[in-house]
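The primary structure of each chain is shown beneath.
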Amino acid sequence: MKIKLEDIREKYVSLGIPEKNVEYALNAVKSGTKKDFIMKNLTSDIRKVDAATANSMLDEMFAANGGEFKYENRGGYLYSVFYLIAIAALGGVILFMNAENRSLQFKLSGALLVFIVLFFRTFIPTIRGRFRE
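The following paragraphs examine the structure supplied in this document. (Residues numbered from 1 in each chain as written. Predicted model: local features only at pLDDT ≥ 70, side-chain atom pairs only at ≥ 80, totals over all residues. Heavy atoms only, no water.)

Things to note about the overall build of the chain
Under the convention used in this document: Helix and strand assignments follow DSSP, with helices taken as H or I runs no shorter than four residues and strands as E runs no shorter than two, numbered in order from the N terminus. Note on classification: 1.4 Å probe, protein chains only; a residue is buried when its accessible area is under 20% of the maximum for its type, exposed when over 50%, partly exposed between these limits. Working rule for contacts: check all heavy atoms of both residues, and any pair within 4.5 Å makes them a contact.
When you go through the chain residue by residue, the secondary structure sums to six helices and zero strands. Secondary structure elements in the chain, listed N-terminal to C-terminal, are α-α-α-α-α-α. Within the chain, buried positions represent 32% of all 133 residues. For the chain, long-range pairs separated by at least 24 residues make up 60% of all intrachain contacts whose partners lie at least 6 apart in sequence.

This is how it looks when you write it as structure tokens:
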């Protein structure tokens, strides 16, 4: 049986944690904020949530939402698509360029090579799930 985030919210509100703190944690988990940052805010002097309770609450929320690093690879896919578009554009320009302009063609080939390297340095870790911004 899958636990829903609303059930977790109700559980911790019934345990005595103020609803605004639980709502903050719930919204932060949904938006993909890192656990350390949420913990620091929950256990601060303003919110005053017990560290053990906050840790267990966040563990349950992240488990119900799909994990702490659920949204981490979005940037990797975005950068990879950008590099792939740049590779296609530069490749097209080089392919249809006059043979007379060798120095410009050499410079654009160098830029193309740089974008190919950047593409593979971003795309491979993203596919493996290890891209971190």
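Some thoughts on the packing of helix H1 (residues 5-14) against helix H2 (residues 19-31)
When two helices pack together, their arrangement is given by the angle between their axes and by how far apart the axes lie. Defined as follows: Interaxial angles span 0 to 180 degrees and are taken between N-to-C directions of axes, which are lines fitted to C-alpha atoms, for helices over the stretch in contact. Should an angle lie under 35 degrees it is considered roughly parallel, over 145 roughly antiparallel, and from 65 to 115 roughly perpendicular; all remaining angles are considered oblique. Handedness of a crossing is defined here by the sense of rotation of the near helix relative to the far one, left-handed for an anticlockwise turn of less than a right angle and right-handed for a clockwise turn. Nonpolar residues are Ala, Val, Leu, Ile, Met, Phe, Trp, Tyr, Cys and Pro. Charged residues are Asp, Glu, Lys and Arg, and all others, Gly as well, are polar.
In the contact formed by H1 and H2, the axes pass within 9 Å of each other and the chain directions differ by 155°. Looking at the two axes, H1 sits roughly antiparallel to H2. H1 and H2 meet at a crossing whose hand is right-handed. Residues Leu5, Glu6, Arg9, Tyr12 and Val13 of H1 form the contact with H2, whose participating residues are Glu19, Val22, Glu23, Leu26 and Lys30. Looking at the contact of H1 with H2 residue by residue, the class counts come to five nonpolar, no polar and five charged.

Details of the packing of aromatic side chains
Using the following cut-off: Two rings from Phe, Tyr or Trp (for Trp, the six-membered ring) form a pair when their centres are within 6.5 Å of each other. A pair whose planes differ by under 30 degrees is stacked, one over 60 is edge-to-face, and the rest are tilted.
Evaluated as defined, the whole model comprises five aromatic pairs. Between Phe82 and Tyr83 the ring centres are 5.7 Å apart and the planes differ by 55°, which places this aromatic pair in the tilted class. Given the relative accessible area of 13%, Tyr83 is considered buried. The rings of Phe82, Tyr83 and Phe115 are connected pair by pair, giving a single aromatic cluster.

Quick word on the side chain of Lys35
Condition: Here a polar contact means two N or O atoms within 3.5 Å. Within protein one must be a hydrogen donor candidate and the other an acceptor candidate, and residues neighboring in sequence count only if both atoms are side-chain atoms.
Here Lys35 is to be found in helix H3 (residues 35-42). The class of Lys35 is buried, set by a relative accessible area of 15%. Polar contacts involving the side chain of Lys35 include one to the side chain of Asn55, which spans 2.8 Å.

Brief notes about the nonpolar core
Short version of the rule: Residues belong to a common nonpolar core when they are buried Ala, Val, Leu, Ile, Met, Phe, Trp, Tyr or Cys residues joined through side-chain atoms within 4.5 Å.
By size, the foremost hydrophobic cluster in this structure holds 20 residues, and its most contacted members are Ala25, Ile38, Leu42, Met57, Leu58 and Met61. Of all the secondary structure elements, the ones that give two or more residues to this core are H1, H2, H3 and helix H4 (51-65). Those residues in contact with Met57 that lie beyond four places of it in its chain are Ile8, Tyr12, Ile17, Val22, Ala25 and Leu42. Listed in part, the eight residues of the second largest apolar core include Tyr83, Leu90, Met97 and Phe119.

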